[in-house]
Amino acid sequence: MPGKDLLSVSDLTAEDIWRLIARARDMKREGPNRLLEAKVLALIFEKPSLRTRVSFDVAMRQLGGHAIYLSPGEVGLGQREPVSDVARVLSRYVDGIVARTFSHDVMESLARHATVPVINGLTDREHPCQALSDFLTIYERKGRLEGLTLAFVGDGNNVARSLLLAASIMGTDFRIASPQGYEVGGELLALGRRFARQSGAQLLLTAEPRRAVHGADVVYTDVWASMGQEAEAEARRLAFADYQLTRDLLAMAAKDALLMHPLPAHHGEEIAPGLLDEGQSVVFDQAENRLHLQKALLVELMGKVGPSP
Ligand code: CP
Ligand code: NVA
């Protein structure tokens, strides 16, 4: 891998992502091993988590190592002590850090000051582990990534951004339908466009869900208000009222389209009640594949390095 950390999908090349997918599939088939024997991973979380926390903890156990979970109250990142000190202290004890922070800047500061690998377990900007695991799920189901169309309906949020980057790098066409004011934009979109020019992926940003979903191979949605945006929930419910993923909308996609969601879902908001329990949904494969993809990632990043002397 190009660097010591994984903060953004844009840290990776298509070759890196293919290697992670291949290794994850091997590990899924082969089960536990001792590749990270006696290594310790710290999990520092400023927000709640089920999948990220449990899958990284189980991943370390299945690789022969351990994880230590640090809850928001325990560490007080940047409040009880500076982020830079937390990074340097942890680097003397553990072999890697997974963090879930509100601000992406805090994640970058952790990575800059830590001497051990830092993995982004979700920030306000990106959720790279989710997107990489989802590309494993798509590959398992479809047998290819290039030339497929992934349609995202909803907020241009952390998950959408990481998917856009992954698609742009891997040559997967990416369409996103978001209401005005909630689109993906800025530097990250520019970066995605650059990757897409190299890979041949087509990017489409629209306000029209039907335009995004029409003929798509994968239809994806996520919550309208992400963690940290609870105060905006009501305003967002109004803004996104026409962006619910319904059976009618899904019927516009390819017949064998996959229905994806990172979970947790708000059934009856972004997704029609019951739809995630129906045949096209692969949400529990997505959740399972977090474990396998992250094992591959941990071995790549932590396989060679130890804590600072
Ligand atoms: N999808 C995901 O990251 O779930 P958690 O918030 O439960 O970790
Ligand atoms: N966009 C959601 C994803 C949760 C996994 C959030 O940030 O809350």
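Residues numbered from 1 in each chain as written. Chains lettered and ligands numbered in written order. Predicted model: local features only at pLDDT ≥ 70, side-chain atom pairs only at ≥ 80, totals over all residues. Heavy atoms only, no water.

The next point concerns the site of ligand 1. Surveying the vicinity of ligand 1 reveals the residues Ser49, Leu50, Arg51, Thr52, Arg100, His127, Gln130, Pro262, Leu263 and Arg290. For ligand 1, an oxygen atom lies 2.6 Å from a polar atom in the backbone of Leu50. The side chain of Thr52 places a nitrogen or oxygen atom 2.7 Å from an oxygen atom of ligand 1. Burial of ligand 1 by the surrounding chains reaches 95%, relative to a free accessible area of 260 Å². Applying the majority rule of atoms within 2 Å of the grid points places ligand 1 in the largest pocket. (Near = heavy atom within 4 Å. Polar contact = N/O pair within 3.5 Å; in protein donor to acceptor, adjacent residues only side chain to side chain. Areas by Shrake-Rupley, 256 points an atom, 1.4 Å probe, with all protein chains shown as cover. 1 Å grid on protein atoms, 1.4 Å probe; cavity = no way out; pocket = protein on both sides within 12 Å on 5 of 7 lines; lining within 4 Å. Sits in = over half its atoms within 2 Å of the grid points.)

Next up on the list: the packing of aromatic side chains. Counted according to the given criterion, the structure contains 6 aromatic pairs. Plain terms: the ring middles of Trp18 and Tyr139 are 5.3 Å apart, the flat faces sit at 80 degrees to each other, and that makes the pair edge-to-face. Pair noted here: Trp18 is in helix α1 (residues 14-30) and Tyr139 is in helix α6 (residues 128-142), with a separation of 121 residues, a long-range link. Tyr139 gets classed as partly exposed once you look at its relative accessible area, which sits at 22%. Taking 5.6 Å as the distance between ring centres and 20 degrees as the angle between the ring planes, the aromatic pair formed by Phe152 and Tyr220 counts as stacked. Note that Phe152 is positioned in strand β5 (residues 149-153) and Tyr220 in strand β8 (residues 218-221), a separation of 68 residues in sequence. Note on accessibility: Phe152 and Tyr220 belong to one class, buried. An aromatic cluster of at least three residues, connected via ring pairs, comprises Tyr182, Trp224, Phe240 and Tyr243. Across the ring face of Tyr69, the terminal group of Arg53 is positioned such that the distance to the ring centre comes to 3.5 Å. (Phe/Tyr/Trp six-rings, centres within 6.5 Å; stacked < 30°, edge-to-face > 60°. Helix = DSSP H or I, 4+ residues; strand = E, 2+ residues; numbered from the N terminus. Buried < 20%, exposed > 50% of the residue type's maximum accessible area, 1.4 Å probe, protein only. Lys NZ or Arg CZ within 6 Å of the ring centre and 35° of its normal.)

What follows concerns the sheet that holds strand β2 (residues 66-70). Spatial ordering of the open sheet is given by β2-β1-β3-β4, a layout of 4 strands whose pairing is parallel. The open sheet has two edge strands, β2 and β4 (118-120), and neither has a second partner. Strand-to-strand twist across the sheet, computed as the mean angle between neighbouring axes with direction ignored, equals 20 degrees. One ladder, built from 5 bridges, connects strand β1 (residues 40-45) with β2; its direction is parallel. Its bridge partner lying in β2, Ile44 is registered against Leu70. Packed on one face of the sheet, helix α5 (residues 104-113) meets β3 (96-100) and β4 and runs near 165 degrees to β4. (Pairing = 2+ DSSP bridges. Axes fitted to C-alpha atoms, helices over the stretch in contact; angles between N-to-C directions. Contact = heavy atoms within 4.5 Å.)

This brings us to helix α2 (residues 51-62). Since there are 3.6 residues in each turn of an α-helix, residues three or four apart along the chain are aligned in direction. Relative to the 16 Å expected for 12 residues at 1.5 Å per residue, α2 spans 16 Å between its end C-alpha atoms, a close match to the ideal helical length. Those residues of α2 that sit buried are Arg51, Thr52, Ser55, Phe56, Asp57, Ala59 and Met60. Against the buried residues of α2 lie β1, β2, β3, β4, α6 and α12 (283-302). A positive backbone phi angle near 90 degrees is found at Gly64, which sits one or two residues after α2. (Expected span 1.5 Å × (residues − 1).)

This part is about the pattern of salt bridges. Counting across every chain of the model gives 18 salt bridges. Put simply, Glu108 and Arg125 hold a salt bridge, and the shortest N to O gap is 3.9 Å. Of the two residues, Glu108 sits in helix α5 while Arg125 sits in the loop between β4 and α6, which places them 17 residues apart along the sequence. Under the relative-accessibility criterion, Glu108 is labelled partly exposed at 29%. Of the charged contacts, one joins Arg237 and Glu234 as a salt bridge, the two residues approaching to 3.0 Å between their closest N and O atoms. Linking Arg237 with Glu234, this pair stays in helix α10 (residues 233-239), spanning 3 residues, or about one helical turn. Residue Arg237 is classed as partly exposed on the basis of its relative accessible area of 33%. Residues joined by salt bridges that share partners form a network here, namely Asp16, Arg19, Arg23 and Glu300. (Salt bridge = Lys/Arg side-chain N within 4 Å of Asp/Glu carboxyl O.)

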